[in-house]
Amino acid sequence: MGDLEQLRQEAESLKKQIEEARKAVADTTLAELTSGIEVVGRVQMKTRRTLRGHLAKIYALHWSTDSRLMVSASQDGKLIVWDTYTTNKVNAIPLRSSWVMTCAYAPSGNFVACGGLDNMCSIYNLKTRDGNVKVSRELNAHSGYLSCCRFLNDNEIITSSGDTTCALWDIETGSQKTVFTGHTGDCMSLAVSPDLNFFISGACDWSAKLWDVRDGNCRQTFTGHESDINAICFFPNGNAICTGSDDATCKLYDLRSDQELTSYSQESIICGITSISMSRSGRMILAGYDDFNCNIWDTLKAERIGVLAGHDNRVSCIGVNEDGMAAATGSWDSFLKIWN
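Okay, so let's go over this structure.

What counts as what
- Residues numbered from 1 in each chain as written.
- Predicted model: local features only at pLDDT ≥ 70, side-chain atom pairs only at ≥ 80, totals over all residues.
- Heavy atoms only, no water.
- Buried < 20%, exposed > 50% of the residue type's maximum accessible area, 1.4 Å probe, protein only.
- Helix = DSSP H or I, 4+ residues; strand = E, 2+ residues; numbered from the N terminus.
- Pairing = 2+ DSSP bridges.
- Contact = heavy atoms within 4.5 Å.
- Phe/Tyr/Trp six-rings, centres within 6.5 Å; stacked < 30°, edge-to-face > 60°.
- Core = buried A, V, L, I, M, F, W, Y, C linked by side-chain atoms within 4.5 Å.
- Axes fitted to C-alpha atoms, helices over the stretch in contact; angles between N-to-C directions.
- Salt bridge = Lys/Arg side-chain N within 4 Å of Asp/Glu carboxyl O.

**What about the pairing of strand E23 (residues 284-289)?**
The element E23 is largely enclosed, with a buried count of 6 among its 6 residues. Neither face of E23 is left uncovered, since the one carrying Met284, Leu286 and Gly288 and the one carrying Ile285, Ala287 and Tyr289 both have all their residues buried. Count of turn residues in the strand E22 (residues 273-278)/E23 antiparallel hairpin: 5 residues, of which Gly282 carries a positive phi of about 85°. Note that E23 and strand E24 (residues 293-298) share 5 bridges and pair antiparallel. Among the inter-strand pairings, Leu286 is bridged to a residue of E24, identified as Ile296.

Next comes the structure, spelled out in structure tokens:
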């Protein structure tokens, strides 16, 4: 037991060193720095489109980089690609497993991916010669459910899983290039940095981690939440990350000073956060909650500045499109709504 005790003490002293290093660079607080800035006025967005067609709970959505097309995944066993301008369905893809938890649109617009309780990431080619969408790859190596997936390009995708790991895949060969291990609870969410060199993951060990895609190492770990982290996203310039947790708070962490900047919560909000996204400027955080609403926060002032209310069940996914002109929400009420 002596060795274990020694290692434990060593770990504790290292943690203290990290704490001290963080304090040393904390020369100001976000509240102090933004004291001269006015709160964003009340934000009132309207539902511009309602996308109807799914027959069961919607679990995920992801915008295409063209800011017009969007893919959504529902437990009716369908992946639908929508034209959000016309509300038409461009593709309706029947899935082999209806227990889908995530979906992703490739930056090129050529592929979509999904996965869930089948422990697999299925890649679908949207641009086949005959026009029929079909499975081009099934990536199968995780020993737990697939919670999130994001393309880097047409041949690389990153997945996070309930087996506590994340993985970088070579789609062509169907093999894992890198496995990212370090979380001690189910990985729930991931987001890729704007430069595609890093990604962040949020997990049920109450921590968020920053990983280097190139060498597979964990660069930073952020703690402070008091429950599972369900959702995570990058600040638009890639210098900060935002997390949403079952503890009913969102937090903003700065990567360069390696610490929490602020927390977004209200005593009246007691339910967990399911999904999170930021406005194009980063000034607003949009977060979906278990109470059927989506709250909008002023990133700098940490005050609630708006609510998107319109769903009749839990808001399970949210996303702001690339040009920043619209936000989409998906819900267990089987509808998707486009707001601005």
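**Some words on the environment of Gly185**
With respect to the helices and strands, the residue Gly185 is situated in the loop between strand E13 (175-180) and strand E14 (187-192). Exposure remark for Gly185: the relative accessible area of 8% places this residue in the buried category. Sequence-wise, Gly185 and Ser161 are 24 residues apart; in three dimensions their C-alpha atoms are separated by 9.7 Å. Those residues in contact with Gly185, other than ones at most four positions away along the chain, are Thr164, Ala203, Cys204 and Asp205.

**Let's talk about the packing of aromatic side chains**
Inspection of every chain in the model, using the stated rule, returns 6 aromatic pairs. Measuring from centroid to centroid gives 4.8 Å for Phe180 and Phe199, while their planes differ by 85°, and the two rings are edge-to-face. Within this pair, whereas Phe180 is found in strand E13, its partner Phe199 is found in strand E15 (residues 198-203), the two being separated by 19 residues in sequence. A single burial state applies to Phe180 and to Phe199, both of which are buried. When the centroid spacing of 5.0 Å and the interplanar angle of 40° are considered together, the rings of Phe222 and Tyr253 count as tilted. Pair noted here: Phe222 is in strand E17 (residues 218-222) and Tyr253 is in strand E20 (residues 250-254), with a separation of 31 residues, a long-range link. One exposure class covers both Phe222 and Tyr253, and it is buried.

**Observations regarding the nonpolar core**
Across soluble globular proteins, you tend to see nonpolar side chains buried next to one another. Among the nonpolar cores identified, the biggest contains 17 residues, and Cys242, Cys250, Leu252, Ile276, Ile285 and Tyr289 are the most heavily contacted of them. Of all the secondary-structure elements, those providing two or more residues to this core are strand E18 (229-234), strand E19 (240-245), E20, E22 and E23. Setting aside chain neighbours within four positions, we find Cys242 in contact with Ala231, Ile232, Cys233, Lys251, Leu252, Ile276, Met278 and Ile285.

**A word on the sheet that holds strand E1 (residues 47-51)**
Across the sheet, 4 strands lie side by side as E1-E28-E27-E26; this open sheet has antiparallel pairing. The open sheet has two edge strands with one neighbour each: E1 and strand E26 (315-320). Across this sheet, the average inter-strand angle for adjacent strands is 20°, counted without regard to direction. With 4 bridges connecting them, strand E27 (residues 327-331) and strand E28 (residues 336-339) associate as antiparallel partners. Across the sheet, the residue bridging to Gly330 is Leu336, located in E28.

**Remarks on the pattern of salt bridges**
A complete count under the given rule lists 13 salt bridges for this structure. The residue Glu138 makes a salt bridge to Arg96 at a minimum N-O spacing of 2.9 Å. Taken as a pair, Glu138 in strand E9 (residues 134-139) and Arg96 in the loop between strand E5 (89-94) and strand E6 (100-105) lie far apart in primary sequence, 42 residues in all. Overall, the relative accessible area of 31% leaves Glu138 in the partly exposed class. Among the salt bridges present, the one from Asp212 reaches Arg219, with a minimum N-O distance of 3.1 Å. Taking relative accessible area as the criterion, Arg219 reaches 43% and is therefore assigned partly exposed.

Taken by themselves, the reported measurements are silent on function.
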